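Here is how the chains run, residue by residue.
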Amino acid sequence: MKKVFLALGFLLSTYAFSANLHYTLIKKESGKEGSTLLIVGGIHGDEPGGYFAPMLLSKYYKIESGNLWIVPNLNFDSIVKNSRGINGDMNRKFAKIEPKDKDFDTVTEIKKLILHPKVDLTLNLHDGQGFYRDRQIDKNFNPKAWGQATIIDQQQIASAKYGNLAEIAKKVNQETNVDLIEDVHEFNVKNTNTKAQDKAMQQSLTYFSITNNKPAFAIETSKNITELSPKVFYQLKTIEKFMNVMNIKFSRSFELSEENIKKLLSDDGMLEIPPTKITLDLATLKPYIKFFPMSKDKLVYNSNNPLVAVIKDKDEYKIMNGNILVSKLKPDFIEFENSLSSINLSIDGKKSSAKIGSLISAKNSFQIDPINGYRINIIGYSKSGVGSEGGIKVEPKDFIKSYAIDKDETTYMVQFYKDKKFCGMVNIKFEDEKKSKK
Ligand SMILES: [Zn+2]
């Protein structure tokens, strides 16, 4: 009896100590033979070049031969806090880690993935200090700096496929160094000679990999490059050169340039919080939203961006895109009910219907048909009374703009209730005629 109790106690404590936000593994497999590259992003939560690059890889790249496995957000709990490591430095836990360490599960699982028989090579992505140079130039350009470098722990691994680490790093850098944004951004190979010279690096992810006979490199863009888009540009450029070395064929839906990356990064992605059946466009969402219906049950959400997280913060929810705060939701906790799947309405005087959860565009007005047994609540409607707001023609001028959910203040929530239960909503966006003509 005592034994069972102890075992249960152990399980509970293991659960309590593990990460809150689990990392994502995205496998892009071509179905054709070839090598497999594992990308690990976000081991350090305050190095955004190291996690926004794999986010774009996961969203916009297609693999034509071989395989690309992507973990964009390894230390997710630290990423959303913009901290190197909320539980200490995760990249110093690969030689030895106590089971009670909060990073234990994450480190143990990623080690298994690195050692997976299919994985041929691992890249660990970072933003490092300064600009690495093999000779001392000044406080930013010197042998102790980490930025703009491909890091190897030793010259080679004798028996491994892609074991000629120094040669590969040199070749990759030569190609990355074509068409730099600024000449000082050139990449160099930094060999930490980990076994003989670097006690700290002996505990790192890459050293764990190479001591298990599996090639691994770190890619470091520079913390001294303050904008995100050039860092992501260099990370992607370098990763592509590694794919070339490994004969992994890929295509992407955009031309690789800093300007295009900037555009792609400005799209925070879509977020769906299932009970509401609403998909929010995070790039246009207001920084603060009131009266957002949420279920008291376990929080569930989906996004096309693996760096998106919804985090409870006192009596609000923070929507994060990596280390960037997108918006805060002030929840209305309510019981949910599923009986309504679509509604009828008029848009600019024309009869139409819409699924619960959809985004509807109107120019001048909309009017929701009354539904027997349901109450309709148009959030922000200035002439709001106690009754249901079905059958009322509503125009843009009838709204209190602060209730809009988007930055342009043109999108409003229409919510449906049965008794006191919430049955979902639709969002109505008033298209600005001047804007849409542009
Ligand atoms: Zn780092």
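Residues numbered from 1 in each chain as written. Predicted model: local features only at pLDDT ≥ 70, side-chain atom pairs only at ≥ 80, totals over all residues. Heavy atoms only, no water.

Trainee: I keep staring at the sheet that holds strand 2 (residues 36–40) and nothing clicks. Help me out?
Mentor: Two strands in a sheet stick together by hydrogen bonds in their backbones, pointing the same way (parallel) or opposite ways (antiparallel). One open sheet accounts for seven strands, arranged 1-4-2-5-10-8-9; its pairing is mixed. With one partner strand each, in any of the chains shown, strand 1 (26–29) and strand 9 (188–191) form the two edges of the open sheet. Taking the axes of each pair of neighbouring strands and ignoring which way they run, one obtains an average angle of 20° across the sheet. Alignment of strand 2 against strand 5 (residues 121–128), held across four bridges, turns out to be parallel. (Pairing = 2+ DSSP bridges. Helix = DSSP H or I, 4+ residues; strand = E, 2+ residues; numbered from the N terminus. Axes fitted to C-alpha atoms, helices over the stretch in contact; angles between N-to-C directions.)

Trainee: Looking at this model, I keep getting lost on the domain arrangement of the protein chain. Mind explaining?
Mentor: Interface size, as often reported, equals the accessible area lost upon joining of the parts. Per the domain assignment, the segments making up the protein chain are domain 1 (2–265), domain 2 (270–333) and domain 3 (342–437). Look at where the C-alpha atoms of domain 2 and domain 3 centre, and you get two points 21 Å apart. On the domain 3 side, the residues contacting the 14 residues of domain 2 number 18 residues. Roughly 1300 Å² of surface becomes buried between domain 2 and domain 3 when both sides are summed, with 61% attributable to carbon and sulfur atoms. Its largest share of buried area at the contact with domain 3, domain 2 owes to Ile278, Lys286 and Phe291, together 39% of the area lost on that side. On the surface where domain 2 and domain 3 come into contact, there are one salt bridge. Glutamate 409 is paired through a salt bridge with lysine 286; the nearest N and O atoms lie 3.0 Å apart. (Domains from an automatic or database assignment. Contact = heavy atoms within 4.5 Å. Buried area = accessible area lost by both parts, 1.4 Å probe. Salt bridge = Lys/Arg side-chain N within 4 Å of Asp/Glu carboxyl O.)

Trainee: Any chance you could explain the sheet that holds strand 19 (residues 342–347) here in plain terms?
Mentor: Overall, antiparallel pairing links the three strands, which are arranged 20-19-22 in an open sheet. Of all the strands in the sheet, the pair left with one neighbour each is strand 20 (350–355) and strand 22 (366–368). On average, adjacent strands in this sheet sit at an angle of 30° to one another, irrespective of strand direction.

Trainee: Where do I start with the nonpolar core in this structure?
Mentor: Grouped burial of nonpolar side chains is what soluble globular proteins tend to show. Within the largest apolar cluster, 58 residues are counted, with the highest numbers of intra-cluster contacts made by Leu37 and Leu123. Looking at this core element by element, the count peaks at eight residues for helix 8 (residues 228–245). Mapped onto the domain boundaries, this core takes at least three residues apiece from domain 1 (2–265) and domain 2 (270–333). Those residues in contact with leucine 37 that lie beyond four places of it in its chain are Asn67, Leu68, Trp69, Leu121, Leu123, Ile239, Met243, Met246 and Ile248. With 24 residues, the next largest nonpolar core counts Ile356, Phe366, Tyr374 and Val394 among its residues. (Core = buried A, V, L, I, M, F, W, Y, C linked by side-chain atoms within 4.5 Å. Buried < 20%, exposed > 50% of the residue type's maximum accessible area, 1.4 Å probe, protein only.)

Trainee: Is there a simple way to explain empty space enclosed by the protein in this structure?
Mentor: A complete count under the given rule lists three cavities of 30 Å³ or more for this structure. What the largest cavity holds in volume is close to 50 Å³. Tyr288, Ile289, Lys290, Phe291, Ser402, Tyr403, Ala404 and Ile405 are the residues that line the largest cavity. Its residues assigned to classes, the lining of the largest cavity shows six nonpolar, one polar and one charged. Counting contributing residues, the lining of the largest cavity receives three or more from each of domain 2 (270–333) and domain 3 (342–437). (1 Å grid on protein atoms, 1.4 Å probe; cavity = no way out; pocket = protein on both sides within 12 Å on 5 of 7 lines; lining within 4 Å. Points joined across faces, edges and corners; volume = space filled by probe spheres on them. Nonpolar A, V, L, I, M, F, W, Y, C, P; charged D, E, K, R; others polar.)

Trainee: Just to check I follow, could you spell out the pattern of salt bridges for this structure?
Mentor: Two side chains with opposite charge may pair up if their charged atoms get near one another. Enumeration over the complete set of coordinates arrives at 23 salt bridges. The partner of glutamate 240 in a salt bridge is arginine 252, with the nearest N and O atoms 2.7 Å apart. Remark: arginine 252 occurs in strand 11 (residues 249–252) and glutamate 240 occurs in helix 8; sequence separation between them is twelve residues. A salt bridge links glutamate 316 to lysine 328; its shortest N-O distance comes to 3.7 Å.

Trainee: Help me out: how do you make sense of helix 8 in this one?
Mentor: Side chains that are three or four residues apart share a direction in an α-helix, a result of its 3.6 residues per turn. Look at helix 8: 26 Å from first C-alpha to last across 18 residues, which is about the 26 Å you get at 1.5 Å a residue. With 16 of 18 residues buried, helix 8 is to be regarded as a mostly interior element. Residue asparagine 247 follows helix 8 closely and has a positive phi angle near 55°. (Expected span 1.5 Å × (residues − 1).)

Trainee: I keep staring at the environment of glycine 424 and nothing clicks. Help me out?
Mentor: Within the fold, glycine 424 resides in strand 25 (residues 421–430). In this structure the C-alpha to C-alpha distance between glycine 424 and leucine 228, which are 196 residues apart in sequence, comes to 37 Å.

Trainee: When you look at the packing of helix 8 against helix 9 (residues 258–265) in this model, what are you seeing that I'm missing?
Mentor: Two quantities define a packed helix pair, namely the angle between the axes and the distance from one axis to the other. Taken N-terminus to C-terminus, the directions of helix 8 and helix 9 make an angle of 110°; their axes are 9 Å apart at the nearest point. Considered as vectors, helix 8 and helix 9 are oriented roughly perpendicular to each other. Between helix 8 and helix 9 lies a crossing whose hand is right-handed. Contact residues: helix 8 offers Leu228, Ser229, Pro230, Val232, Phe233 and Leu236, while helix 9 offers Glu258, Ile261, Lys262 and Leu265. (Parallel < 35°, antiparallel > 145°, perpendicular 65-115°, else oblique. Left-handed = near helix turned anticlockwise from the far one by under 90°.)

Trainee: Honestly, the coordination of the zinc ion in this entry has me stumped. Any pointers?
Mentor: Ligation of the zinc ion by protein atoms is provided by His44 (ND1), Glu47 (OE), Glu47 (OE) and His126 (ND1), these donors lying 2.1 to 2.4 Å from the ion. Classification of the site at the zinc ion as irregular follows from its four donor atoms and the range of 56 to 151° in their angles at the metal. (Donors = N, O, S within 2.8 Å, 3.2 Å for Na, K, Ca; no water. Tetrahedral: all angles 85-135°; square planar, octahedral: opposite > 155°, others 65-115°.)

Trainee: Help me understand unusual backbone geometry, please; the structure alone is not making it clear to me.
Mentor: Note: most residues except glycine have negative phi, and most peptide bonds are trans. A positive phi angle, close to 55°, is found at asparagine 247, a residue other than glycine. Relative to the helices and strands, asparagine 247 is located in the loop between helix 8 and strand 11. One non-glycine residue, glutamate 409, lies in positive phi territory at about 60°. On the secondary structure map, glutamate 409 appears in the loop between strand 23 (375–378) and strand 24 (411–418).

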